[in-house]
Amino acid sequence: MTSEKERGPASGIDHAASGTPFPVFNVGLLGHGTVGAAFAELLPARAPQVEAITGLRPELSGVLTRSRGDFDDILERSQLIVELIGGLEPARDYVLRAMRAKRHVVTANKQLLSQHGEELWATAREHNVQLRFEAAVAGVVPVIRVLQESLAGAHVERLHGIVNGTTNFILTEMARTGMTYAKALAEAQRLGYAEADPSEDVDGRDAAAKMAILARLAFDTPVSLDQVRYEGIEHIAPDDLEYARDLGLGLKLIGTAERIDGGLSVRVHPAFLYGDHPLASVGGPFNAVTVESPAITEITMSGPGAGGPQTASAVLGDVISAMIPPASTPPTSGELEIVADIVSSFYLHLEVADRPGVLAAVAHVLGEHDVSVKSVVQKGLGESARLVMVMHPVLESKFFDALDRIAELDFMRAKPRAIRVIEEEFH
Ligand SMILES: NC(=O)c1ccc[n+]([C@@H]2O[C@H](COP(=O)([O-])OP(=O)(O)OC[C@H]3O[C@@H](n4cnc5c(N)ncnc54)[C@H](OP(=O)(O)O)[C@@H]3O)[C@@H](O)[C@H]2O)c1
């Protein structure tokens, strides 16, 4: 383990200023697949930021796969082990051995934690090391950290989660296109959102493992995978989605963990949601978790639930956290310029005199400022008329210059009203 004395900031030496290299922090990597390979690329790429935060230079001390590397050798040379093999064995054995040897461990392995979590957490406590697992649930969405730290003092009543991106993508596609489950699954496989063998995703078991982990943290109660009831989405028919849509309902594979009659229920099943539910708009391969508690009302976190680079980013966040107890805010590197003028889309509402040539005059001013109109609606209101327009994205300064000019036109009956339109699509 690294002692405080060995650390950059604690040693009193400003390594960056003095040009002295930072002490090395060795990270051993188990697994070099989708996430492992992305992590092996990300670690050196982000090393300067990690140095700035921790005062230590992270380096990969070794990589273990089925065909290369030796676990004992890597363990010997590492201060922290990242486990990205997946499954129960040998991942469990490696994680336990690493913690018994007083190495911190970061893992993304939901199956392992949902079936052997208590043993692993007890071992971490016994050996006074950190076992971090942000990437095991909802990929890069920082739900573990929020439950363990930000909401540590909250009395959680209920969690709802869309914690499997494959099934969410399939259901979104079925609702969007009317295609069958089999076709939507094939599409998910083609786009890399579903594995060749998707059984654990589509039958709900993957989501159940994640809900077991979340429930353990939120309710401070041991919960293992075999205590979670789960149902999948294989039986969902396009009809179900069509009728529900007419009623304003959307279908999701929902994980729930909630207090009921002094006990705890943890389950996963398809469920209809009304459009105003925070999880209703979570589409495609995205994940989201809603936490309900009397003190906080409700918090929803959402984002990409899987993917090599995304998951590796969550793993790196855990590595950094394990390197720096207690947390600190690093000095800024001042590399980025603050951007004042940005490109935005706008909705523009104009009340004008109802007479010929008004629209042309407005369009002329907009054109002079490189503002182009995406859509326009014109309505008469007796003496005056209302022009409602949506603009294509434009540099804000140009739009506001145009707006100042429009406000001065003699046919204007009220101050123009402009509201930005967020057009980004996340999935
Ligand atoms: N993929 C995602 O988007 C995602 C998202 C969230 C969490 N996760 C979790 O992240 C972990 C890794 O997932 P992944 O998708 O990266 O898996 P993957 O692509 O299947 O890679 C697994 C890696 O582990 C190695 N491995 C397998 N058995 C081994 C053994 N007995 N000894 C040594 N190495 C072994 C493999 O070695 P070879 O190269 O020799 O086959 C491969 O390099 C899993 O726990 C998964 O649930 C993944």
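These numbers come from a predicted model, not from an experiment.

The subject of this paragraph is the overall build of the chain. Check the secondary structure of the chain and you find 16 helices and 16 strands. Principal axes of the C-alpha set define a box for the chain whose edges measure 85 × 65 × 45 Å. The 427 residues of the chain split such that 46% are buried. Entry remark: accessible area of the chain is about 21100 Å², with carbon and sulfur atoms responsible for 52%. Positive and negative charge centroids in the chain, built from 38 and 57 side chains respectively, lie 1 Å apart.

Attention now goes to the sheet that holds strand 9 (residues 263-274). Ordered by their spatial adjacency, six strands build an open sheet running 7-9-8-6-10-11, and the pairing between neighbours is mixed. Each edge of the open sheet is held by one strand with a lone partner, namely strand 7 (229-230) and strand 11 (297-304). Pairing of strand 6 (residues 158-162) with strand 10 (residues 286-293) involves five bridges; the strand directions are antiparallel. The residue of strand 10 that forms the bridge with Ile 162 is Ala 288. Strand contacts of helix 9 (residues 165-177): strand 6, strand 8 (249-260) and strand 10, with the helix running at about 145° to strand 8, the strand carrying the most contacts. Taken strand by strand, helix 12 (residues 205-219) contacts strand 6, strand 7, strand 8, strand 9 and strand 10, and its axis lies near 35° from that of strand 8.

Time to look at unusual backbone geometry. In this chain, Glu 89 is followed by Pro 90 through a cis amide linkage whose omega measures 10°. Structurally, Pro 90 is set in the loop between strand 3 (80-83) and helix 6 (91-100). Of note, Asp 261 is a non-glycine position whose phi angle comes to about 50°, a positive value. In this structure, Asp 261 sits in the loop between strand 8 and strand 9.

Moving on: the packing of aromatic side chains. For any pair of aromatic rings, the description rests on two quantities: the centre-to-centre distance and the angle between the ring planes. By the definition in use, this model includes six aromatic pairs. Members of the aromatic cluster, each reached through a chain of ring pairs, are Phe 346, Phe 399 and Phe 400. The aromatic ring of Trp 121 is capped on one face by Arg 216, whose charged end is 4.8 Å from the ring centroid.

To continue, consider the sheet that holds strand 2 (residues 57-64). Strand order in the open sheet formed by five strands is 2-1-3-4-5, and the pairing between neighbours is parallel. In the strand order of this sheet, the two ends are held by strand 2 and strand 5 (131-132), each with one partner. As judged from the four bridges shared by strand 3 and strand 4 (residues 104-107), these two strands associate in the parallel manner. Counterpart to Glu 83 in the pairing with strand 4 is Thr 107.

A word on the confidence of the model for the chain. Should the pLDDT be low somewhere, the predicted coordinates at that spot are not to be read in detail. Chain-level statistics for the chain give a pLDDT mean of 90 and a share of 92% at 70 or above. For the stretch residues 1-14, pLDDT sits under 50, and the model shows 25 contacts to residues farther than four places along the chain or on other chains.

A separate point is the site of the ligand. If you check the shell around the ligand, you find 18 residues, and the closest are His 32, Thr 34, Val 35, Arg 66 and Gly 307. Thr 34 places a main-chain nitrogen or oxygen 2.9 Å from an oxygen atom of the ligand. Compared with its free state, where it exposes 900 Å², the ligand has 73% of that area covered by protein. Of the residues assigned to the shell around the ligand, the class counts are seven nonpolar, nine polar and two charged.

With that settled, the discussion passes to the packing of helix 3 (residues 34-45) against helix 14 (residues 308-323). Relative orientation of the contacting elements helix 3 and helix 14 amounts to 60°, with a least axis distance of 8 Å. One finds that helix 3 runs oblique with respect to helix 14. When the axes of helix 3 and helix 14 are compared, the crossing they make is right-handed. Between helix 3 and helix 14, the residues in contact are Thr 34, Val 35, Ala 38, Phe 39, Leu 42 and Leu 43 and Gly 308, Pro 309, Thr 311, Ala 312, Ser 313, Val 315, Leu 316 and Val 319, respectively. Across the contact of helix 3 with helix 14, the residue classes tally to 10 nonpolar, four polar and no charged.

In this section: the environment of Phe 286. As for its placement among the helices and strands, Phe 286 is situated in strand 10. Residue Phe 286 is classed as buried on the basis of its relative accessible area, which comes to 17%. The sequence separation of Phe 286 and Gly 165 amounts to 121 residues, and the corresponding C-alpha distance is 5.5 Å.

On to the pairing of strand 4. By the alternation rule, side chains of strand 4 split into His 104 and Val 106 and Val 105 and Thr 107, which are all buried. What joins strand 3 to strand 4 is helix 6, and the crossover it makes is right-handed. Bridge analysis of strand 4 against strand 5 gives two bridges, and the strand direction is parallel. Opposite Val 105, over in strand 5, you have Leu 131 as the bridge partner. Where the polypeptide runs from strand 4 across helix 7 (residues 110-126) and back to strand 5, its parallel neighbour, the crossover connection is right-handed.

This part takes up the pairing of strand 1 (residues 24-30). For a regular strand, the rule is simple: side chains alternate between the two faces of the sheet. Of all seven residues in strand 1, five are buried, a share of seventy percent or more. Note: strand 1 against strand 2, seven bridges, orientation parallel. Paired with Gly 28 across the bridge in strand 2 is Gly 62. Sheet topology note: the strand 1/strand 3 ladder contains four bridges and is parallel. Considered in strand 3, the bridge of Gly 28 is made with Ile 81.

Reading the values: the criteria
- Residues numbered from 1 in each chain as written.
- Predicted model: local features only at pLDDT ≥ 70, side-chain atom pairs only at ≥ 80, totals over all residues.
- Heavy atoms only, no water.
- Helix = DSSP H or I, 4+ residues; strand = E, 2+ residues; numbered from the N terminus.
- Buried < 20%, exposed > 50% of the residue type's maximum accessible area, 1.4 Å probe, protein only.
- Areas by Shrake-Rupley, 256 points an atom, 1.4 Å probe, with all protein chains shown as cover.
- Lys, Arg positive; Asp, Glu negative; His and termini not counted.
- Charge placed at Lys NZ, Arg CZ, Asp CG, Glu CD.
- Pairing = 2+ DSSP bridges.
- Contact = heavy atoms within 4.5 Å.
- Axes fitted to C-alpha atoms, helices over the stretch in contact; angles between N-to-C directions.
- Phe/Tyr/Trp six-rings, centres within 6.5 Å; stacked < 30°, edge-to-face > 60°.
- Lys NZ or Arg CZ within 6 Å of the ring centre and 35° of its normal.
- pLDDT = per-residue confidence, 0-100.
- Near = heavy atom within 4 Å.
- Polar contact = N/O pair within 3.5 Å; in protein donor to acceptor, adjacent residues only side chain to side chain.
- Nonpolar A, V, L, I, M, F, W, Y, C, P; charged D, E, K, R; others polar.
- Parallel < 35°, antiparallel > 145°, perpendicular 65-115°, else oblique.
- Left-handed = near helix turned anticlockwise from the far one by under 90°.
- Right-handed = clockwise from strand over helix to strand, strands pointing away.

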